[in-house]
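# Observations on the three-dimensional arrangement
This is what each chain is made of:
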Amino acid sequence: MDTGTHLVMGIALGGLASLDPALGDTSTAHAIMAGTIIGSQAPDIDTVLKLRNNAVYIRNHRGITHSIPAVLLWPVLITFTIFTAVPSANLLHLWLWTFLAVFLHVFVDIFNSYGTQALRPISSRWLALGVINTFDPFIFGIHAAALVLWGVGFPPGYTFLAMYGILVIYYFARFKEQRYIKRAVKQQIPDAKKIILSPTMKYHRWKIAVITGNKFYVARAENGYVTVLDKFDRLPLPESEVLDAAKHDKNLAAFLSFSPVYRWEITAVKDYYEVRFIDLRYRSNGFYPFVAVVHLDRDLNILNSYTGWIFSEAKLRKKLNLIPF
């Protein structure tokens, strides 16, 4: 989920903790609130990798910081730090609520299309259920509403307990709609081998990428109706010296480690080659913004490269330091 949603989730857990008898002590209540807020943010500390480059960020975001060892380690580090500042707090309960905040952060991240490597080191497989958008207006909104009710005098524990009950029903409803959309896709594309759904911020709108034996389909579902938008031949990667050289580039390697469905282009342009990989999951207004591009000279030396979100060719050329043709 996004940073704002994780923040309100942390505050909500701190409010839910008011049901814990150990919070009769004010210092423990304050310590637990700090623990749930910090714990709800801690796994996303890897966001700082964006300061290095997109390749490092794509390869590592929601990786080791969301792993099993991290989920166990974050609460210990956070609890120790807070307990050092508030030694009168109940240590066990501080750790329990902080652990719940960290665990919940990683758990809810599994439900969007980006996913996490939550099973590391047992498995490096990405867990991505694709039923919740990274920012879900309903989830954020119901948290905000519950916080307002707390602010005007409603008991926080029972208010947030009721909120979580509603959220459980909401998640089941999202899974139900996802299954319905997959069945609708299968009716239109019977030979679909893999269907990748990406929820959007609009409740009944989904982005769809479909893999068949020899085609890629890009579609949209809205209010239960599936519309195919694009269709591409599924071409195997060719035996190519240009492509082999491009694969050594860190940006392209990061893209390939992240994207499960893409098409590729190899173009000879003036005195260099361009290798472009295009993720088919994120079509927006007829454009595919998530790409990896590598430029190589005629001797197959890498000149420049980029991977990330680009919504116009002009911006891409700027990223690659290209002079317009």
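Below, the structure is looked at part by part.

What counts, and where the lines are drawn
Residues numbered from 1 in each chain as written. Predicted model: local features only at pLDDT ≥ 70, side-chain atom pairs only at ≥ 80, totals over all residues. Heavy atoms only, no water. Core = buried A, V, L, I, M, F, W, Y, C linked by side-chain atoms within 4.5 Å. Buried < 20%, exposed > 50% of the residue type's maximum accessible area, 1.4 Å probe, protein only. Helix = DSSP H or I, 4+ residues; strand = E, 2+ residues; numbered from the N terminus. Contact = heavy atoms within 4.5 Å. Axes fitted to C-alpha atoms, helices over the stretch in contact; angles between N-to-C directions. Parallel < 35°, antiparallel > 145°, perpendicular 65-115°, else oblique. Left-handed = near helix turned anticlockwise from the far one by under 90°. Nonpolar A, V, L, I, M, F, W, Y, C, P; charged D, E, K, R; others polar. Polar contact = N/O pair within 3.5 Å; in protein donor to acceptor, adjacent residues only side chain to side chain. 1 Å grid on protein atoms, 1.4 Å probe; cavity = no way out; pocket = protein on both sides within 12 Å on 5 of 7 lines; lining within 4 Å. Points joined across faces, edges and corners; volume = space filled by probe spheres on them. Pairing = 2+ DSSP bridges.

### Observations regarding the nonpolar core
Considering soluble globular proteins, one finds that nonpolar side chains tend to be buried as a cluster. One finds L13, I132, I139, F160, M163, Y164 and Y171 to be the most contacted residues of the largest nonpolar core, which totals 38 residues. Secondary structure elements with two or more residues in this core: α1 (3–16), α2 (26–41), α4 (68–85), α5 (91–109), α6 (137–151) and α7 (156–188). With residues up to four places along the chain from it excluded, the contact list for L13 reads T36, W97, L100, A101, L104 and Y164. Core analysis: the next-biggest nonpolar cluster, separate from the first, contains 19 residues, A55, L243, A245 and Y282 among them.

### Overview of the packing of α4 against α5
Contact geometry for α4 and α5: axes closest at 9 Å, N-to-C directions at 140 degrees. Between α4 and α5, the angle falls in the class oblique. Both α4 and α5 take part in a crossing whose hand is right-handed. Residues V71, L72, W74, P75, V76, I78, T79, I82 and F83 of α4 lie in contact with α5, whose contacting residues are L91, L94, W95, T98, F99, V102, F103 and V106. Counted by class, the contact of α4 with α5 contains 15 nonpolar, two polar and no charged residues.

### Quick notes on the side chain of T36
In this structure, T36 sits in helix α2. T36 sits in the buried class, given a relative accessible area of 0%. Within the structure, the side chain of T36 is placed 3.0 Å from the backbone oxygen of M33, a separation counted as a polar contact. Every residue in contact with T36, bar those within four places of it in the chain, is listed here: G10, L13, G14, W97 and A101.

### Re the layout of surface pockets
Volume-wise, the second largest pocket comes out at about 390 Å³. Forming the boundary of the second largest pocket are 18 residues, of which S113, A128, I196, P260 and R281 lie nearest the centre. Of all the elements in the fold, those that place two or more residues in the lining of the second largest pocket are α7, β1 (194–199) and α9 (250–258). Per-element accounting of the lining of the second largest pocket gives the leading share, four residues, to β1. Split into classes, the residues belonging to the lining of the second largest pocket amount to ten nonpolar, five polar and three charged.

### Side note on the sheet that holds β1
The strand order across the open sheet built from four strands is β1-β2-β3-β4, with neighbouring strands paired in antiparallel fashion. One side of each edge strand has no neighbouring strand; the edge strands of this open sheet are β1 and β4 (225–233). Each strand of the sheet is rotated relative to its neighbour by a mean of 20 degrees, with strand direction disregarded. As judged from the seven bridges shared by strand β2 (residues 205–211) and strand β3 (residues 215–222), these two strands associate in the antiparallel manner. Bridge pairing in β3 places I208 opposite A219.

### Considerations on unusual backbone geometry
The omega angle of the peptide bond from R120 to P121 is 5 degrees, so this bond is cis rather than trans. As for its placement among the helices and strands, P121 is situated in the loop between α5 and α6. Despite not being glycine, K270 shows a phi value in the positive range, around 50 degrees. For K270, the position within the fold is in the loop between β5 (262–269) and β6 (272–279). Overall, K270 belongs to the exposed group, its relative accessible area being 65%. Notably, N285 is not glycine yet its phi reads approximately 55 degrees, a positive angle. One can find N285 in the loop between β6 and β7 (290–297).

### With respect to the sheet that holds β7
Judged by pairing direction, the sheet is antiparallel, and its four strands sit side by side in the order β5-β6-β7-β8 without closing on themselves. The open sheet terminates on both sides in strands that have one partner only, identified here as β5 and β8 (302–309). The average undirected angle you get between the axes of adjacent strands in this sheet is 10 degrees. Bridge count for β6 against β7 is seven bridges, and the pairing is antiparallel.

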